[in-house]
Structure formats: C-alpha cells, structure tokens
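Coordinates in review
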Amino acid sequence: MPSAHRPEPVPRLESLALAWPPHVLRQEDVAANGAEMFATTHGGFERLAPIYRNALIETRHSCVPIEWYLKPHSFSERNDLFLENAVKVLAEAAGKALDQAGLEPRDIGAIVVVSTTGIATPALDARLMQVMPFRPDVRRLPIFGLGCAGGVVGLARAADLARSRPDERVLLLVVELCALTFRAQDRSKSNLVATALFGDGAAAAVISSRDDAIGPALGASREHTWPDSLDVMGWDVADDGLKVVFSRDIPTLVQNDFRPVALDFLAGEGLTPAGVGGFVCHPGGAKVIDALEACFGLSQGALTHTRAILRDHGNMSAATVLFVLKAMLDDGVEGPLLLTTLGPGFTAALMLVEA
C-alpha cells in the first residue's frame, strides 16, 4: 500500500509591518539646504533645482535631523548611528509584525536580516536579540550587499527557509538607513541625486509553511545578474562613508534589458503581464517607474501604489518594495502579484505572491 505523502509546503505571509525613524525630511526643505550647499557648483543651484522637483517626492524619513547633513561626518560616526538606529527601528517593525501574527519572539525559529547601508559585526540580528527575547537557538541569516534588490531576495530566502522546515516560523527583517550615506563635501551628480531621493525605513514579516498558517502564498522567485554590470549601481567606500554609484542608463536598462527577463519569468509560471493582478515594483526613482510601466505595457501613472510610496517615503532601498506590497495588500489588490526589484550586481529579483 503506497504511503501518504505530505503536500508540498506553501510558505505564507502571516504578517507584514513597517517602521521608520522620527525625523521628517520635506523635499522643499532639502532643496533649500541643497541651494546652500551646491549653489557654487554645477553651474549654480537653479540648474540643479529640477532634480528635486522631478523626483516626485514630498516627504522622507531620517534617523537624524536635517541639520546633520550640512556638516562633515566620519565613516565611524555614520556607522555608529546606523547600528543604534537600525536596531531601534527593526525592533519596532519586528514587534508590530509579531503582534499582528499573535506571536512572541520565542515563537520564531529563524531570522533573516537584509541591509546594505551600514556594517554590523556582530550582525543586526544578534544585536536585536539583546533587546528582544528571541530563543538562543534561533537560526540567523544576515544578508548584505543586495541594495534595492534585497527586499525581494530576502523574502525569497525567508520563504525557502520556511519551506525547508515547515514547522518553524521565519521572521524577515529589512532595514535601510540610506540618508546616512549623504556626504556633504561630495559634489558629484550621483550624490546630489541621492539628496533628492533617499530615505530611511524598515519592514518586518512573519513567514510560515505551518498547517495553521494563513495569509498570501509566497510563490516562485528568480534572480538575474547581468555580466559586466558592476558599475551600474552600488557603493564605493570612501574615508568618510559610502559613496553612492548610479548609472544614468538605469531607466534604459529597465526598459530594454529587464523586460525580457521579467517576461521569461512570467512565462515559466504560465503568466503574461495581462494575467498579473498587481505589479509590486520597487520605485528606484520617477524615471525608473516610467520605464517599468512601459516594460509591462501599462499606461503612464498605472503604478499608483509604487508612486505613492515614493512620494511619501522616497527610495528606502531594500525596504521600499515591502512598503509597496503592504499598501497593495491593505487595499485588497488580488493576485497574482509580481514583485520586482533591481539592485547592485546589476541584479533583478522577481517573485510571485498570491493574495
């Protein structure tokens, strides 16, 4: 008599919570500070002002007040601020996610932490264990270096862990304090763009394949890294901090090179863009959103949730796509949902979520 086989475990998103630090950066205030700092470079501030207007951002959040950005700071000072504030905002997000799921820290079997805007050894998960009572045998997976792609890759890794041990719950934590990387003495165009774009934020999610798990199902995922693309996006390490690297060709790469990768992923899952219930896209910037809409054959302005998160929070690197996902789930958007991010590598990360 054949033995009964247990069905393939299905990882589910049991909860998803967000957090951000207390200081609000209003774009008009940032632009005014930019006028003070950059007036004598790049042909005067009037030539630079459109960067702030065209970013389509109204507010962002920061772990330090706006005055902090007007002064030089060492790498060690920045990283100390990163460690202090990353743990604080992660603890808030984790507490919210656990409360939503009706769980305690001791109920978590594994923690996945994604971040690329600071250096932490011991890792952020170990530091969080000093302020939240997780079990001492909790499995830990810190992930560094994925930049904006980290939100989807982290969710996929957490789903893999939950699938491999279906009796355990996995806590995914994503935190990026991008605004700390602004360097006042750097007059490069990339640094200026960063002042108009980056914000701070965190997300936490409980993921489980347990029989009693409820919530959206986490489906297939894929990553694609293009050859000879290390200079498209990332950090250079300078004496005073992390120096942002942006290629001006990113929107073109999205429209021309990302499209076939995304279509091939969807085809492998028996889908076309027309069959996707919602596009959960990381808003790298206004031009990138335009390119993503063209990529999927959407009308301009169709990515309303992506645009709203960019407007209210800016680009929070890896955390941003989870802000978009929560907004869409809260609004009752039905799946399949396609999550997309692009990050250093140059790497695309995609994932399907059945809401």
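All of the points below concern the structure found in this document.

Calculation rules
Along each chain, the written sequence defines residue order, and numbers are assigned to residues from 1. Predicted model: local features are reported for residues with pLDDT of at least 70 only, side-chain atom pairs are reported and counted for 80 or more only, and whole-chain, interface and lining totals are derived from all residues. In computing side-chain values, all of the structure's heavy atoms are included and hydrogens and water are not. Relative accessibility thresholds used throughout: buried, under 20% of the residue-type maximum; exposed, over 50%; partly exposed, between the two (1.4 Å probe, protein chains only). Strands here mean DSSP runs of E at least two residues long; helices mean DSSP runs of H or I at least four residues long; both are numbered from the N terminus. We count a salt bridge whenever a side-chain nitrogen from Lys or Arg sits within 4 Å of a carboxyl oxygen from Asp or Glu. Working definition of a nonpolar core: buried Ala, Val, Leu, Ile, Met, Phe, Trp, Tyr and Cys residues. They are joined through side-chain atoms within 4.5 Å. Any two residues whose heavy atoms approach within 4.5 Å are treated as being in contact. Any pair of Phe, Tyr and Trp rings, taking the six-membered ring for Trp, is counted once the centres come within 6.5 Å. Such a pair is stacked with planes under 30 degrees apart, edge-to-face with planes over 60 apart, and tilted for the rest.

Quick look at helix 10 (residues 320–330) now. In terms of burial, helix 10 is a largely internal element, eight of the 11 residues being buried. For helix 10, every residue scored as buried is listed here: Thr320, Val321, Leu322, Phe323, Val324, Leu325, Lys326 and Met328.

All chains considered together, the criterion is met by 16 salt bridges. In this structure, the salt-bridge partner of Lys88 is Glu84, at a minimum N-O distance of 4.0 Å. Placement of both Lys88 and Glu84 in helix 3 (residues 75–101) is noted, with a separation of four residues, approximately one turn of the helix. Put simply, Arg140 and Asp125 hold a salt bridge, and the shortest N to O gap is 2.9 Å. Here Asp125 lies in helix 4 (residues 124–128) and Arg140 lies in strand 5 (residues 139–143), a separation of 15 residues in the sequence. Overall, the relative accessible area of 1% leaves Asp125 in the buried class. Linked through salt bridges whose partners overlap, the residues forming this network are Arg139, Arg165 and Glu168.

Turning to the nonpolar core, a few remarks are in order. If you look at the biggest cluster of nonpolar residues, it comprises 75 residues, and the most contacted ones within it are Leu124, Leu173, Phe258, Phe296 and Leu338. Among the elements that take part in this core, helix 3 stands out by supplying 11 residues, more than any other. If sequence neighbours within four positions are ignored, Leu173 has contacts with Leu90, Ala94, Ile111, Val112, Val113, Val114, Leu128, Ala203 and Ala204. Counting residues in each nonpolar core, the second largest holds 40 residues, with Val152, Ala156, Val321 and Val353 among its members.

The next subject is the packing of aromatic side chains. Taken as a whole and assessed by the stated rule, the structure comprises seven aromatic pairs. Seen in terms of ring centroids, Tyr69 and Phe182 are 6.3 Å apart; in terms of plane orientation they differ by 55°. Their pairing is tilted. Within this pair, whereas Tyr69 is found in the loop between strand 3 (59–62) and helix 3, its partner Phe182 is found in the loop between strand 6 (169–177) and helix 6 (189–197), the two being separated by 113 residues in sequence. Note on accessibility: Tyr69 and Phe182 belong to one class, buried. Ring centres 6.4 Å apart and planes at 55° place the aromatic pair Phe198 and Trp235 in the tilted group. Of the two residues, Phe198 is situated in the loop between helix 6 and strand 7 (200–208) and Trp235 in strand 9 (residues 233–238); the sequence distance between them amounts to 37 residues. Among the aromatic residues, those joined into a ring-pair cluster are Trp68, Tyr69 and Phe182.

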